[in-house]
Amino acid sequence: MLSFVVFDPAPPVLRHAHMLGADDIPMAATITLENGVIRCEKRAPESAGLALQFSVDAAPGTSGPGLGPITLQTCLLPDRDKPYLLSLELARHRIMLILNKLEDWALFDLPPTDPGLALFEKARQAFTLAVVEQGLTEGTTPERPYTQRADTLSREALALAMEAGETLTLTQARVQFSKRMSGELATAAARVSAPPNALTDHEVAESRNALLGNVGVILPTPPQVGAVVGAEQFTPALQRAVQTCCDFVTMPLRWMEMEPTEGRYVFSKTDRWIEWAVRTAKLPLVGGPIIDLRRGNVPEWLYIWEHDYETLRELVYEHVKNLVTRYRRTVGTWTVVSGLHVSSNFTLSLEQVMDLTRLAVMVVRKLQPSAKVQVQIDQPWGEYYAAASTRAMPPITYAEMLGQAGINPDLFALCIEMGQPEPGRSTRDLMAFSSLLDKFAALEKPIAITALSAPSRPPEAEDLGLNGEHDPGYWRRQWSTEAQATWMTKMFAVAAAKPYVHSITWHEMFDAPPATTGHAGGAGHRHDGLFDGALQPKLGLWRLAEIKQAIRNRQSPANLPETPQVGTV
């Protein structure tokens, strides 16, 4: 069993806690907190890590707030009778992650005076002091064999490491964005694709990574910026905003809205947006997800066939065929399925999940051979797998199996949604986001971020659960329109620098109440877009327009000023 001592001035609460095994794949475990000690009872004997929400204070010697309540993790740790010190193990993992990413990103030539490296050196020094202090036992008890000072030093090391990680992540984003826009990455990749003395594919890969870092697929074009436009609203203000902010439009095709009654389709609301995008705005269209079986996305009548897979499969086939047949002359990219691996609503076996994915991809390729096909992966950190039934699959495993099964979509699509009081939507930091993208880049497929989102206001109190256990946290300050705009700037900057990222989509253009349910990335929570309920623009709208223009000008969004320049729409 693993156990962790927690020092907290307030009564601690376990939020988003789950265990992780090899390759950061979540694993089933029972996690409890009692008298300041977290106990984790695993079902397997191998080493494991703990992930949970932890409040990161401001780093010593820095100005501004700390990162706030962020979901972090420890390294893989062996079982032992003596509990670990949680803050020290979180700091240890972050320092290890920074060292690994410096190697992956080939950031070997930064000067010692670089702000990120300077913070990292301070973090290492603070961590060393914490390790020494945690060996002292004066005034401790067997249940809590650490001093308060050991925890204080560990928290300081963690705060410094987190600031160092954020700073280095943005540094890497600026450097790599410049290389991507200049064509340096593509040229270097071509130069090392077949080294004259290389004998094996492994040697080719080693030569490539030594020169370029771990960059995955290298796309020859800049990343595209888009947004989801819900069919409920169709106003001149929204149309002008889309034309100003977007290189393409994503049109959600929720089954419950397209076919609310079995056999009777409702196309009118969707048709008007698609016709406008094609004829007036001249913008490319992304359609889907076509098949998303999560609650809030499927019509009520479909539940009749929940346990009759053969009939469900036929209905899926007909639905995909009907939508692709209708829109194949206008939609150039299809998101065929989304979230099947989560298995949160319809209980499908692994074989059935793979079969439905294969079926949807096959139908699109048959009816529209020229279309790009992408499979959407929800909750890409995979917390759901720690508590789900065995029918669920870890997200990276699902993506790998698609390749092994010969399904081979053109792109993998990721939903990066944070700040919602729902499973899988807790807040992460910039380095964790960058590291996640790099993990999926190893699949050697382009990545489309099809739902990037954070709220513009704190969650409602009634949504946080008892003692706030569903609190998703926030990034640096409580969610607001200003915090949302700052967050999206940094996240777009990190994603746009990745040479394998094909496109980045803001998840919704306007707010909608929970009754609407469902969107490009998931279902069931209130949309929090760039227009409020009265269709008044928020700061994030102007920032999205600035991000799009910066990328067109081959400038990193990381260099944009803190405050967006408000204009008129």
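**Q** Kindly report on the packing of aromatic side chains, identifying the contributing residues and their values.
**A** A complete count under the given rule lists nine aromatic pairs for this structure. With a centroid separation of 5.3 Å and an interplanar angle of 5°, the aromatic rings of Tyr265 and Phe267 are classed as stacked. Among the residues examined, Phe267 registers a relative accessible area of 15% and is labelled buried. For the ring pair Tyr303 and Phe346, a centre distance of 5.2 Å and an interplane angle of 35° mean the geometry is tilted. Here Tyr303, found in the loop between strand 11 (285-287) and helix 9 (309-327), pairs with Phe346, found in the loop between strand 12 (333-338) and helix 10 (350-367); they are 43 residues apart in sequence, far enough to count as distant. Through pairs of rings, three or more aromatic residues link up here, namely Phe234, Trp273 and Trp276. Sitting over the face of the ring of Phe7, Arg144 holds its NZ or CZ atom 4.6 Å from the ring centroid. Looking at Arg326, its charged tip hangs above the ring of Phe267, at a distance of 4.0 Å from the centre.

**Q** Lay out the side chain of Ser480 with the relevant residues and their values.
**A** Mapped onto the elements of the fold, Ser480 is located in the loop between strand 15 (447-453) and helix 14 (481-497). For Ser480, the side chain forms a polar contact with the side chain of Glu482, separated by 3.2 Å. With residues up to four places along the chain from it excluded, the contact list for Ser480 reads Pro455, Ser456 and Arg457.

**Q** Describe in detail the sheet that holds strand 4 (residues 29-34), supporting the description with residues and values.
**A** Read from one edge of the open sheet, four strands run 4-5-1-8, paired in mixed fashion. On the outer flanks of this sheet lie strand 4 and strand 8 (84-85), each paired with one strand and no other. Across four bridges, strand 1 (residues 2-5) lies against strand 5 (residues 37-42) in antiparallel orientation. Along strand 5, the bridge assignment pairs Ser3 with Arg39.

**Q** A description of the pattern of salt bridges should follow, citing residues and the corresponding values.
**A** Going through the model one piece at a time under the given rule, you end up with 31 salt bridges. Among the ionic pairs, Arg155 bridges to Asp151, the shortest N-O distance being 2.9 Å. In this pair, Arg155 and Asp151 both sit in helix 3 (residues 148-182), four residues apart, roughly one turn of the helix. Residue Arg155 is classed as buried on the basis of its relative accessible area, which comes to 18%. When the shortest N-O distance is used, the salt bridge between Glu318 and Lys321 registers 3.3 Å. With Glu318 and Lys321 both in helix 9 and three residues apart, the pair spans about one turn of that helix. Given the relative accessible area of 32%, Glu318 is considered partly exposed.

**Q** Please provide a residue-by-residue account of the side chain of Asp114, values included.
**A** Summarising the element assignment, Asp114 is placed in the loop between helix 1 (86-104) and helix 2 (115-134). No salt bridge is formed by the buried Asp114, whose closest oppositely charged neighbour, Arg174, lies at an N-O distance of 8.3 Å. Apart from the residues within four sequence positions on either side, Asp114 is in contact with Leu168 and Thr171.

**Q** If you had to explain the environment of Pro112 to someone new, which residues and values would you point to?
**A** Tracing the backbone through its elements, the reader meets Pro112 in the loop between helix 1 and helix 2. Classification of Pro112 by relative accessible area gives exposed; the value is 73%. Excluding anything up to four places from it in sequence, Pro112 contacts Leu117 and Ala118.

**Q** Break down unusual backbone geometry for me, citing the residues and quoting the values.
**A** For the bond running from Gly288 to Pro289, omega is 10°, close enough to zero to count as cis. A positive phi angle is found at Ala106, which is not glycine, with a value near 55°. Along the chain, Ala106 turns up in the loop between helix 1 and helix 2. Of note, the phi angle at Arg476 is positive, near 75°, even though the residue is not glycine. Secondary-structure assignment places Arg476 in the loop between strand 15 and helix 14.

The rules behind the values
- Residues numbered from 1 in each chain as written.
- Predicted model: local features only at pLDDT ≥ 70, side-chain atom pairs only at ≥ 80, totals over all residues.
- Heavy atoms only, no water.
- Phe/Tyr/Trp six-rings, centres within 6.5 Å; stacked < 30°, edge-to-face > 60°.
- Buried < 20%, exposed > 50% of the residue type's maximum accessible area, 1.4 Å probe, protein only.
- Helix = DSSP H or I, 4+ residues; strand = E, 2+ residues; numbered from the N terminus.
- Lys NZ or Arg CZ within 6 Å of the ring centre and 35° of its normal.
- Polar contact = N/O pair within 3.5 Å; in protein donor to acceptor, adjacent residues only side chain to side chain.
- Contact = heavy atoms within 4.5 Å.
- Pairing = 2+ DSSP bridges.
- Salt bridge = Lys/Arg side-chain N within 4 Å of Asp/Glu carboxyl O.
- Lys, Arg positive; Asp, Glu negative; His and termini not counted.

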